[in-house]
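Descriptive structure summary
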Amino acid sequence: MSGEQIGIAGAGRIGQALGRLLRERGEPVAAVASRTLERARAAAAFIGGGAEPVSYSQLPGCATRVLIAIPDQAIASVAATLAGAGMAGGMALHTCGAHGAEILAPLAARGVSCAALHPLQTVASPERGVAELPGASFAIEGEGPALDWAARIAGLLQGQMLRIPPGRRPLYHAAAVLASNCVVGLLDAAVVLLGECGIDREQALRALAPLARASVSNTAALGPIQALTGPIERGDAGTVAVHLRSLAGVPGSVGELYRQCGLYLAGLARRKSPGADFRELEQLLREGRKDHE
Ligand SMILES: NC(=O)c1ccc[n+]([C@@H]2O[C@H](COP(=O)([O-])OP(=O)(O)OC[C@H]3O[C@@H](n4cnc5c(N)ncnc54)[C@H](OP(=O)(O)O)[C@@H]3O)[C@@H](O)[C@H]2O)c1
């Protein structure tokens, strides 16, 4: 399999990072496609090893294995473009989390083996992807040679494979949103509150990052129940009431975010201390009362 040429469809963060990582591991990355030659050239330079910059319709002429790394909403139309350009046989993977192999139907109809390979990692730039994709988990779905290729890529990157049952991929992807994007949103909300205390953004992020890192690492090491600390874990309704009163004066949805997260955490606290009474705390969080003492 490793001798069959690889084409990367998409010149973005994932396409460039995976292209470079595969090339560095001895895989024959022959070409990278973009809608503009200029961006394909830049991606080819990043991937290295003489990868050719091409258009999507030129890609089937360069490769029998195609890795599609483009925004979710464009995958079906690029799959149709590749099929229209003569791709038949061979294999195709896409890197989207929410969909399975079915989104590559135009290629499957031409005898292309299709699968999905979603890196469970956040990739903010090609360079960060090269550093952070090795060792990540990869959700794979599909069948036949494309599934074997997906497993091979996960193995080349020392990744853990997650087999997601058909129909469950949206739930898997929602989990990824919670563990990654929502953490970003929660940190931004914390920065907003520190801004209300007169602390600038840069200093706030520097201050919050070790706290967030320790929370993630404690959760990974001990599990969420043991890692949970703070006023909600202690059932401290008085402190939470003071928070809610102050949050009522903060513009935007930070207060609502605090209440919804707080309610989830109260459920976790109940599991940690089954005998304790969290009713007052939960009532407060549900109502968002501003006048509680
Ligand atoms: N970034 C992440 O953290 C991450 C993590 C896991 C999975 N993924 C998945 O990987 C895929 C790619 O994500 P990404 O972050 O690499 O995206 P990206 O950096 O925005 O790059 C996407 C590439 O797709 C091309 N493109 C955009 N719209 C297109 C269209 N309508 N038709 C054809 N090509 C189009 C663009 O190339 P041109 O404009 O040059 O044509 C762009 O280079 C997505 O399915 C995403 O869900 C991303």
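Residues numbered from 1 in each chain as written. Predicted model: local features only at pLDDT ≥ 70, side-chain atom pairs only at ≥ 80, totals over all residues. Heavy atoms only, no water.

**Some words on the environment of glycine 26**
Let me state the cut-off plainly: Each helix is a run of H or I in the DSSP string that is no shorter than four residues. Each strand is a run of E no shorter than two, and both are numbered from the N terminus. Here the term buried applies to any residue with accessible area under 20% of the maximum for its type, exposed to any over 50%, and partly exposed to those in between, with areas from a 1.4 Å probe on protein chains only.
Among the structural elements, glycine 26 can be located in the loop between α1 (13-24) and β2 (29-33). Since its relative accessible area comes to 57%, glycine 26 is described here as exposed. Remark: the alpha-carbon pair of glycine 26 and leucine 156, spanning 130 residues in sequence, is separated by 9.8 Å.

**Section: the side chain of threonine 95**
The line we're drawing: Should any heavy atoms of two residues lie within 4.5 Å, those residues are considered in contact.
Within the secondary structure layout, threonine 95 lies in the loop between β5 (91-94) and α4 (105-108). Non-local contacts of threonine 95, meaning those with residues more than four positions away in its chain, are made with Ile14, Leu18, Leu67, Ile68, Ala69, Leu117, His118 and Pro119.

**Observations regarding the pattern of salt bridges**
Using the following cut-off: Any Lys or Arg side-chain nitrogen found within 4 Å of a carboxyl oxygen on Asp or Glu counts as a salt bridge.
Across all of its chains, the model carries ten salt bridges by this definition. For glutamate 24, the salt bridge goes to arginine 20, with nearest N and O atoms at 3.7 Å. Remark: arginine 20 and glutamate 24 occur in helix α1; sequence separation between them is four residues, near one turn of the helix. The exposure class assigned to glutamate 24 is partly exposed, which follows from its relative accessible area of 42%. Residue arginine 279 pairs with aspartate 277 through a salt bridge whose shortest N-O separation is 3.0 Å. For arginine 279, a relative accessible area of 59% puts it in the exposed group. Residues participating in the shared-partner salt-bridge network are Glu27, Arg65 and Arg152.

**Points about the site of the ligand**
To be explicit about the condition: One heavy atom within 4 Å of a molecule or strand makes the whole residue count as near it. Between N or O atoms, a polar contact is any pair within 3.5 Å; within protein, one atom must be a potential hydrogen donor and the other a potential acceptor, and residues adjacent in sequence are included only when both atoms are from side chains. All amino acids are sorted into three groups, where Ala, Val, Leu, Ile, Met, Phe, Trp, Tyr, Cys and Pro are nonpolar, Asp, Glu, Lys and Arg are charged, and the leftover types, Gly among them, are polar.
Around the ligand, the surrounding shell holds 21 residues, and the nearest of these are Ser34, Arg35, Arg39, Asp72 and Val123. Between the ligand and the protein, one listed contact pairs a nitrogen atom with a side-chain N or O atom of tyrosine 56 at 2.9 Å. Of all the elements in the fold, those that place two or more residues in the shell around the ligand are α1 and β6 (113-120). Classifying every residue of the shell around the ligand gives eleven nonpolar, six polar and four charged.

**Notes on the environment of alanine 40**
Mapping alanine 40 onto the fold places it in helix α2 (residues 37-47). In this structure alanine 40 comes out as buried when scored by relative accessible area, which is 0%. On a C-alpha basis, the gap between alanine 40 and valine 54 in space is 6.4 Å, while along the polypeptide they are 14 residues apart. The residues contacting alanine 40, other than those within four sequence positions of it, are Val32, Ser34, Pro53 and Val54.

**Comments concerning the domain arrangement of the protein chain**
Defined as follows: The domain boundaries here were taken from an automatic or database domain assignment. In this description, buried area is defined as the sum, over both parts, of the accessible area (probe of 1.4 Å) that is lost when the two are combined.
For the protein chain, the assigned domains read domain 1 (6-166) and domain 2 (171-287). For domain 1 and domain 2, the distance between their C-alpha centres works out to 37 Å. The largest contributions to the domain 1 side of the interface with domain 2 come from Gly97, Leu120 and Ile164, which together make up 50% of the buried area. Inspection of the region where domain 1 meets domain 2 yields zero salt bridges.

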